[in-house]
Amino acid sequence: MSDESTSFTRLPATADDREDPERATRAEVLDFWSERFGVDPETFADYTFWERGAGKLWIYRGEPPSPVDIEGLGMTFLRTRQEHWKPTLEAAQRFGAHATENVIHLDDEAARAFVAGEDREHDWEGDWGYLLVTHDVAGAVEPAGVGLYVYGELRSQVPKGRRREV
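Everything numeric here is computed off the predicted structure, so don't read it as measured data.

Caption draft 1: Molecular detail of the environment of Leu 131. Checked against the element boundaries, Leu 131 lands in strand 8 (residues 129–137). Placed 24 residues apart in sequence, Leu 131 and Arg 155 show a C-alpha to C-alpha distance of 9.9 Å. Sequence-distant contacts of Leu 131, that is, excluding residues within four places in its chain, are made with Arg 36, Phe 37, Asn 102, Ile 104, Trp 124, Gly 145, Val 146, Gly 147, Tyr 149 and Leu 154.

Caption draft 2: Structural context of the pattern of salt bridges. For the structure shown, the criterion picks out 10 salt bridges. A salt bridge links Glu 51 to Arg 23, with the nearest nitrogen and oxygen atoms 2.6 Å apart. Of this pair, Glu 51 sits in strand 2 (residues 47–51) while Arg 23 sits in the loop between strand 1 (9–10) and helix 1 (26–37), and the two are 28 residues apart along the sequence. Residue Glu 51 is classed as buried on the basis of its relative accessible area, which comes to 6%. Its relative accessible area of 14% is what places Arg 23 among the buried residues. Between Arg 155 and Glu 153 there is a salt bridge whose closest N-O contact spans 2.8 Å. A single network of salt bridges, built from pairs that share partners, joins Asp 20, Arg 23, Glu 51 and Arg 81.

Reading the values: rules and limits
- Residues numbered from 1 in each chain as written.
- Predicted model: local features only at pLDDT ≥ 70, side-chain atom pairs only at ≥ 80, totals over all residues.
- Heavy atoms only, no water.
- Helix = DSSP H or I, 4+ residues; strand = E, 2+ residues; numbered from the N terminus.
- Contact = heavy atoms within 4.5 Å.
- Salt bridge = Lys/Arg side-chain N within 4 Å of Asp/Glu carboxyl O.
- Buried < 20%, exposed > 50% of the residue type's maximum accessible area, 1.4 Å probe, protein only.

Rendered as structure tokens:
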């Protein structure tokens, strides 16, 4: 039997299919992205979701066997098993262009501060919590990452090793 912390196990499709009531399901992941960010569930039709450890979800395009004992499978995607689910930087950059809700668009100065890891006051009329952050790049809107908006402040969630001065 595989160790839960080192193997990848495919998420159950629905709550009826899971053994651990704390474990996320594919249906819940699709609902989260749809309800929080307005991403159509069909966006993920060709992807499977996997958990490694408690609440560390990965997304993979395809269908490998389950469980899988490897170091990485696809890309990190979402953190669950905490009060508020948190998309990863990679998920925001890959799927953020599909989002229609809880997206905050930054100008050049604010985007530079965001990718450098700075927290800044910012006026936002939408929901508090995790937001997808976008910025104009070469004339197109591009996802930059995940921000946490609370008390009038946008807090950069760019991991320390990925922060850049631009």
